[in-house]
Amino acid sequence: MLESQQQTDYEKNINEFLGSDCDLIVTVGFLLGDATSAAAKANTDQPFQILDFAYADPHDNVWQQVYATAEGAFLAGYVAAGTTKTGKVGTFGGINIPPVADFMVGFQEGIEYYNSKHGTSVELLGWDNAKKDGLFTGDFNDQDKGKTFGQNLIDEGADIVMPVAGPVGLGTAAAVKENPGVMRIGVDTDWYVSAPEYQDIVLTSVLKHLELAVQSAAKAVADGSFKGGLQVATLANGEIGIAPFHDFDSQVPQALKDELKQVTQDIIDGKIKVPLITEAPK
């Protein structure tokens, strides 16, 4: 596995894999779209998989995996709205790109759906679906910014914060930990597991089961069924979800848990439509 530290690393790292006779090259992240496309077009017999990106033009050797993260974030927003004591929850992102914004879109939709069902007026700070814009640090690495952004949201009254900014969120977790009664929601992985030093503040996490998509692509390469094209992870196929409430399980009312099960099924059945920014290109 190679980790890119800057944009100039993308092509270099892909070329290193190309020279290593890999059966499948997996690139991770929206920002690697162009570099992966160039390599795939220059090496048409090499299977690729890119996570969090879809192409408008044919890429027959690229498995393009996108995630309906707004569906999972909808559930997190519903839980947050039903759990907040201040009536305010907050979010911010790293960069305003579709795989980030989708979390924030779904989060607001879930909060608003809860409000519509319960006659409440829980407010979301840090993102506005109407404007498709909100708070962004401009990167995915600066934990000091994560702490500052998190503290600012807490100072505005948010008692639940969901950063969508990779390692930047560790800074937010530090701010949350310094403010008793405040909780955070993780993204991508279960932060209770991936950041165990912050277990006592993690309400839940919006899960993208990246491992399932990679396993499916690798299996397809192995059995000869691999083909390029768009693949979408959803609640219905089990590749999107939310994590358990862990230490906060006893604080989430059973009635809210029961509602959450119904909301989940309604999304799967299409009774609740969750908008996405990341969609198949037209």
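Further up the page is the structure itself.
Treat the numbers as computed from the prediction; the structure is a model and nothing was measured. (Residues numbered from 1 in each chain as written. Predicted model: local features only at pLDDT ≥ 70, side-chain atom pairs only at ≥ 80, totals over all residues. Heavy atoms only, no water.)

Draft legend 1. Focus on the pairing of strand β2 (residues 48–51). Across the two faces of β2 the burial is the same, with F48 and I50 and Q49 and L51 all buried. As paired elements, strand β1 (residues 25–28) and β2 share 4 bridges and run parallel to each other. If you follow I25 over to β2, its bridge partner there is F48. In this view, the connection linking β1 to its parallel neighbour β2 by way of helix α2 (residues 33–42) has right-handed handedness. Across 4 bridges, the pairing between β2 and strand β3 (residues 62–67) is parallel. Bridge pairing in β3 places I50 opposite Q64. (Buried < 20%, exposed > 50% of the residue type's maximum accessible area, 1.4 Å probe, protein only. Helix = DSSP H or I, 4+ residues; strand = E, 2+ residues; numbered from the N terminus. Pairing = 2+ DSSP bridges. Right-handed = clockwise from strand over helix to strand, strands pointing away.)

Draft legend 2. Structural view of the sheet that holds strand β4 (residues 88–93). One open sheet accounts for 6 strands, arranged β5-β4-β8-β9-β10-β12; its pairing is mixed. This sheet does not close on itself; its edge strands, each paired only once, are β5 (123–125) and β12 (240–242). Across this sheet, the average inter-strand angle for adjacent strands is 15 degrees, counted without regard to direction. Note: strand β8 (residues 160–164) against strand β9 (residues 183–188), 2 bridges, orientation parallel. Its bridge partner lying in β9, I160 is registered against M183. Across the sheet, helix α3 (residues 69–83) lies against β4, β8, β9, β10 (202–208) and β12, angled at about 165 degrees from β10, the strand it touches most. (Axes fitted to C-alpha atoms, helices over the stretch in contact; angles between N-to-C directions. Contact = heavy atoms within 4.5 Å.)

Draft legend 3. Main features of the pattern of salt bridges. One pass over the full model with this rule turns up 8 salt bridges. Here K147 makes a salt bridge to E178, at a shortest N to O gap of 2.8 Å. Within this pair, whereas K147 is found in helix α5 (residues 143–155), its partner E178 is found in the loop between α6 (168–177) and β9, the two being separated by 31 residues in sequence. Under the relative-accessibility criterion, K147 is labelled partly exposed at 32%. Residues joined by salt bridges that share partners form a network here, namely D52, D188 and K208. (Salt bridge = Lys/Arg side-chain N within 4 Å of Asp/Glu carboxyl O.)

Draft legend 4. Broad picture of the packing of α5 against α6. Across the interface, α5 lies against α6 with an axial gap of 6 Å and an inter-helix angle of 45 degrees. With respect to each other, α5 and α6 are oriented oblique. The element α5 and its partner α6 pack so that their crossing is right-handed. Along the contact surface, α5 presents Q143, G146, K147, G150, Q151 and I154, while α6 presents V168, L170, G171, T172, A175 and V176. For the contact of α5 with α6, a count of residues per class yields 5 nonpolar, 6 polar and 1 charged. (Parallel < 35°, antiparallel > 145°, perpendicular 65-115°, else oblique. Left-handed = near helix turned anticlockwise from the far one by under 90°. Nonpolar A, V, L, I, M, F, W, Y, C, P; charged D, E, K, R; others polar.)

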